[in-house]
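# Structural overview for review
Residue strings, one per chain:
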Amino acid sequence: MYKIFEFFYRFRAFLLFIFLEILAFWMIVTYNSYQGTAFFNTSSSFAGKILATENDIVSYFQLKQVNKILVAENNHLLSLVTKLNKEVGEPKDTASPFLKENQYTFITAKVVKNSTDLPENYLTLGEGSLAGIKPDMGVIGAKGLVGRVKTVSPHFSTVISMLYSGMNVASKIKGKNIDATVIWDGHNPSEGKVLHVVRHHTIAKGDTLVTSEYNAVYPAGVMIGTIKDFYLGSGSADYDITLNFSTDFTALSYVYVISNAKKAERDSLETALKNQDR
Amino acid sequence: MTKTGQITTYGLYFCLFMAIQILIFLHFSLFQGTALCFVYIAFLLILPYDISNISLILIGFFSGLFVDMFYNTGGIHAAATVLIAFLRPYIINTLTPRGGYEEGVELSVASLGFRWFATYAIILIFIHHFMLFIIWLLGFGDVLLVLSKTIASSVFTLVIVLLFQYLIFSPKKV
């Protein structure tokens, strides 16, 4: 018995080291697989408040640039509204109730913290569950797709940026109806990769990628980026495509969180199907 | 230095290095993220020579966890800091200068010289960064990316750590 205690005492540093390493790895695994509320991240009120205060101070010096971006965004939206009005005609009160129903609503949130140069990038937003943000909601910016909500607290939320190793977005090439998946390869914050475009399709530089209907997080048709370059290896079945993101991740100040009124319905249907398959 | 005095001093070092890490280097990198700086581990490097291994590992774990909170990394920094906190005594032993260490020696450029400190720092910084990027970049499955980020970031961190050596510690009084 005494020998056992002596053993533990002698190797106490090593045993503590092993124990804490196991604890750290357990935390990494649970953190990466867990959606919802988490304490040890930037949506915690401690870290969130520090970053928000810092952002308040720094953002004073960026007001001019932020204004410019917002004006440009307004301009773009206004032109879009005029164009759509011309195409659709003036909205009528007698329109079908199905058209009146708004499936998507948008929650505006200020970006408190953003990174583009880490291996896995997150945004911290200055709005949380009190504003109606929930995990797994889509996040877009003025120019296109930004990311997906991971965790929320009452006043803050963290968003997995498109610049993240585990992020893959169901998408399609606009106008050609070619399904694809967009990912980020960890190298350049302005470029992504497009997967699963098989060799019999014809694609061109400048083709636009948007989110597809297979997406539960984003509405269909959200802009992701344009094809910068592509390459077809002689033995490979798929194109190797590089994509220019339409969103400039280094200059995000405000984003829109998408609330999908029909998400719960779709999710429950899909889970039911999955369960049936088993 | 009294025990309380020592705790206060190192408490202030902790706040200083964490503030620099979170207010500056959380938002700043070189070459589009190839070189990141994790200057906060300087705090683990300069902890007293005679600190017990147990306290060192525990301090390593909690400072890593503190940084994880701001980087949204779950426990990746903690895993790396626990590793270097565990290895630190062995590295210090290996690097024993001729004649051994003086009692209660300060682990700094000022008291042990530039060459000793730079060697000591680069070994631990490299181990820390290698461990960190292996786990952090696991999802990409890209060995070259791990190596390039580890090497570039180690150099970046080393330069900043050495810079702080000259800013904080006054030169040896003869």
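Preceding block: the structure.
My aim in this report is to walk through the structure given alongside it, one point at a time. What you see is a predicted model; the values in this text were computed from it and never measured. (Residues numbered from 1 in each chain as written. Chains lettered and ligands numbered in written order. Predicted model: local features only at pLDDT ≥ 70, side-chain atom pairs only at ≥ 80, totals over all residues. Heavy atoms only, no water.)

## Considerations on the packing of helix α4 (residues 76-94) of chain B against helix α6 (residues 114-136) of chain B
Residue and element names in this part refer to chain B. At a closest axis distance of 9 Å, the pairing of α4 and α6 adopts a crossing angle of 150°. The angle between α4 and α6 places the two elements in the roughly antiparallel class. For the crossing formed where α4 meets α6, the hand is right-handed. In this structure, α4 contributes I76, H77, A79, A80, T81, L83, I84, L87, R88, I91 and I92 to the contact, and α6 contributes Y120, I123, L124, I127, H128, M131, L132, I135 and W136. (Axes fitted to C-alpha atoms, helices over the stretch in contact; angles between N-to-C directions. Helix = DSSP H or I, 4+ residues; strand = E, 2+ residues; numbered from the N terminus. Parallel < 35°, antiparallel > 145°, perpendicular 65-115°, else oblique. Left-handed = near helix turned anticlockwise from the far one by under 90°. Contact = heavy atoms within 4.5 Å.)

## Let's talk about the nonpolar core
Ranked by internal contacts, the top residues of the largest apolar core, which has 128 residues, are L209, Y218 and F245 of chain A together with V39, I57, Y120 and W136 of chain B. Counting only domains with at least three residues in this core, you end up with domain 1 (2-60) and domain 3 (107-260) of chain A. Ignoring any residue separated from it by four or fewer positions in sequence, one finds Y218 of chain A in contact with Y104, G138, V139, I140, L145, G147, R148, M167, V169, T211 and I258 of chain A. (Core = buried A, V, L, I, M, F, W, Y, C linked by side-chain atoms within 4.5 Å. Buried < 20%, exposed > 50% of the residue type's maximum accessible area, 1.4 Å probe, protein only. Domains from an automatic or database assignment.)

## Re the interface of chain A and chain B
Listed by partner, the interface residues are 38 residues for chain A and 40 residues for chain B. In total, chain A and chain B occlude about 3400 Å² of area from one another, counting both sides; carbon and sulfur atoms represent 73% of this. At the junction of chain A and chain B, the tally comes to 0 salt bridges. Put simply, chain A and chain B have 4 residue pairs in polar contact (both at pLDDT 80 or more) between them. At the level of secondary structure, the elements contributing two or more residues to the side of chain A that touches chain B comprise α2 (12-33), α3 (45-60) and β2 (122-125) of chain A. Take the side of chain A that touches chain B: its biggest share by element is 13 residues, from α2 of chain A. Of the residues that constitute the side of chain A that touches chain B, the class distribution is 22 nonpolar, 9 polar and 7 charged. (Buried area = accessible area lost by both parts, 1.4 Å probe. Salt bridge = Lys/Arg side-chain N within 4 Å of Asp/Glu carboxyl O. Polar contact = N/O pair within 3.5 Å; in protein donor to acceptor, adjacent residues only side chain to side chain. Nonpolar A, V, L, I, M, F, W, Y, C, P; charged D, E, K, R; others polar.)

## Structural notes on the pattern of salt bridges
Side-chain pairing between opposite charges can occur once the charged atoms of the two side chains come close. All names here are of chain A. All told, the structure shown has 7 salt bridges over all chains when counted by the stated rule. Between D136 and R148 there is a salt bridge whose closest N-O contact spans 3.2 Å. Taken together, the positions of D136 in the loop between β2 and β3 (138-140) and R148 in strand β4 (residues 145-152) put the pair 12 residues apart, joining distant regions of the chain. Two residues, D240 and K193, come together in a salt bridge whose shortest N-O distance is 3.4 Å. Pair noted here: D240 is in strand β11 (residues 240-245) and K193 is in strand β8 (residues 191-195), with a separation of 47 residues, a long-range link.

## Comments concerning the sheet that holds strand β5 (residues 157-161) of chain A
Residue and element names in this part refer to chain A. Taking strand neighbours around the barrel as the criterion, the 6 strands line up as β1-β2-β5-β4-β3-β12 in a closed arrangement whose pairing is antiparallel. Across the sheet, the axes of successive neighbouring strands diverge by a mean angle of 45°, strand direction being ignored. Looking at chain direction, β3 and β4 are connected through 3 bridges and run antiparallel. Among the inter-strand pairings, G138 is bridged to a residue of β4, identified as R148. (Pairing = 2+ DSSP bridges.)

## Quick notes on α3 of chain A
Taking 1.5 Å as the rise per residue, α3 of chain A with 16 residues should run 22 Å; its terminal C-alpha atoms sit 22 Å apart, in good agreement. When α3 of chain A is considered as a whole, its buried residues turn out to be A47, G48, L51, A52, E54, N55 and S59 of chain A. Structurally, α3 of chain A contributes buried residues whose contacts are with α4 (63-88) and β1 (104-114) of chain A together with α1 (3-25) and α3 (53-71) of chain B. (Expected span 1.5 Å × (residues − 1).)

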